[in-house]
Amino acid sequence: MEKTKVCVIINPVSGTESKKNIPEEVAAAFDQTQFDIIIRITGYPGHATEIAKEAVKNKFAYVLTVGGDGTVNEVAKALVNTDTVLGIIPFGSGNGLARDLHLSMDSEKAIKTILDGNIRTIDYGSANEHIFFCTCGVGFDAFISDKFAEDKKRGPLGYVRNIVEGVIDFRSEEYEITHDEGTLNERAFLVTCANASQYGNEVYIAPGADMEDGKMNVSILKPLNANEIPQTTLQLLTKNIDKNSKMISLLTSNLTIKRSKPGMLHVDGEPVEAGKEINVTIYQKGLKVFAPKQLEVKPPKEKENIFTAITRWLNV
């Protein structure tokens, strides 16, 4: 009987945890009489995409990614609209797609989900031809993504430091936003297009997002004053940002964002330079990915205060 071909792509520098035991874990978990496993280590930006494209060309059934959101994005965009299934073993700082798929952050349990064989086919988006699976956006989140990309210290504490410093320096912009049902002009702190509900690290910018509905949830947050930042932070951490009085929410398949000058755009947390016009489209059910059959139901978090919410988040 022909073995199932599996390619494991490991990014050795993502996140904060060592991945040296992953090859042994995978070898121990997969039945070698049924699976043909190859391990590939990335060496530079874009390498994971090259390896994944090669795996698709050679008809690998699964490509497993070991890394963070950037590595997942690099691999997944090579798999869209193919029969090759993505498996995620989360080892990043945010793990946005993995968390939204309800994958365990424990590598052994994440591998078991792959072996269980339940497959979801999810949507993906494109922003000026940059593919994303969780979120893309302009404004403060793109500004922070750019700062975080230069930061050598990963994890929630790095985000906190960059956010605190960034709030002081950041200036909101005017945007013309055209969606399926019309156009609006707003000065905004951020404009986020969400396929998944969160940025990562359980920071929920679009709590109602559905990765299989062929739509993006667009969150337009108007400028905030200093007194509004703690409450807004709490709402992001407790899935209540849609209740913020400064939030405008849209549901659309296509979006055009126009601004007065070129600037930064983030795509799944990775900063890229973009022009004055950004065109965003969602494509329905284009990526096959392993995910649990039964979702873990978590208790609501509305009653948390800002201190307990941040403490929980820092320990994610």
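Residues numbered from 1 in each chain as written. Predicted model: local features only at pLDDT ≥ 70, side-chain atom pairs only at ≥ 80, totals over all residues. Heavy atoms only, no water.

(A) View of the overall build of the protein. When you go through the protein residue by residue, the secondary structure sums to 9 helices and 18 strands. Looking at the 316 residues of the protein, the share that counts as buried comes to 52%. Restricting to contacts in the protein with at least 6 residues of sequence separation, those with at least 24 account for 71%. Just so you have it, the protein exposes about 15200 Å², and 50% of that area is on carbon and sulfur atoms. (Helix = DSSP H or I, 4+ residues; strand = E, 2+ residues; numbered from the N terminus. Buried < 20%, exposed > 50% of the residue type's maximum accessible area, 1.4 Å probe, protein only. Contact = heavy atoms within 4.5 Å. Areas by Shrake-Rupley, 256 points an atom, 1.4 Å probe, with all protein chains shown as cover.)

(B) Region of the structure containing the side chain of H266. The residue H266 is located in strand β16 (residues 263-267) in this model. A distance of 3.2 Å separates the side chain of H266 from the side chain of D141, its partner in a polar contact. Within the structure, the side chain of H266 is placed 3.2 Å from the backbone nitrogen of G269, a separation counted as a polar contact. Apart from residues no more than four positions distant in its own chain, H266 is found in contact with T135, C136, G137, D141, A142, S145, Y199 and P271. (Polar contact = N/O pair within 3.5 Å; in protein donor to acceptor, adjacent residues only side chain to side chain.)

(C) Structural context of the environment of G263. Topologically, G263 is positioned in strand β16. Using a relative accessible area of 17% as the deciding quantity, one classes G263 as buried. Along the backbone, G263 and F143 are 120 residues apart, and their C-alpha atoms lie at a distance of 9.2 Å. When sequence neighbours within four positions are dropped, the list of residues in contact with G263 reads V272, E273, A274 and G275.

(D) Highlighting the sheet that holds strand β7 (residues 135-139). Strand order across the open sheet formed by 6 strands is β14-β13-β10-β7-β16-β17, with antiparallel pairing between neighbours. The open sheet has two edge strands, β14 (247-252) and β17 (270-274), and neither has a second partner. Strand after strand, the sheet turns through a mean of 20 degrees between neighbouring axes, direction not considered. Both β7 and β16 contribute to a ladder of 2 bridges, which runs antiparallel. Bridging across to β16, G137 finds its partner in H266. (Pairing = 2+ DSSP bridges. Axes fitted to C-alpha atoms, helices over the stretch in contact; angles between N-to-C directions.)

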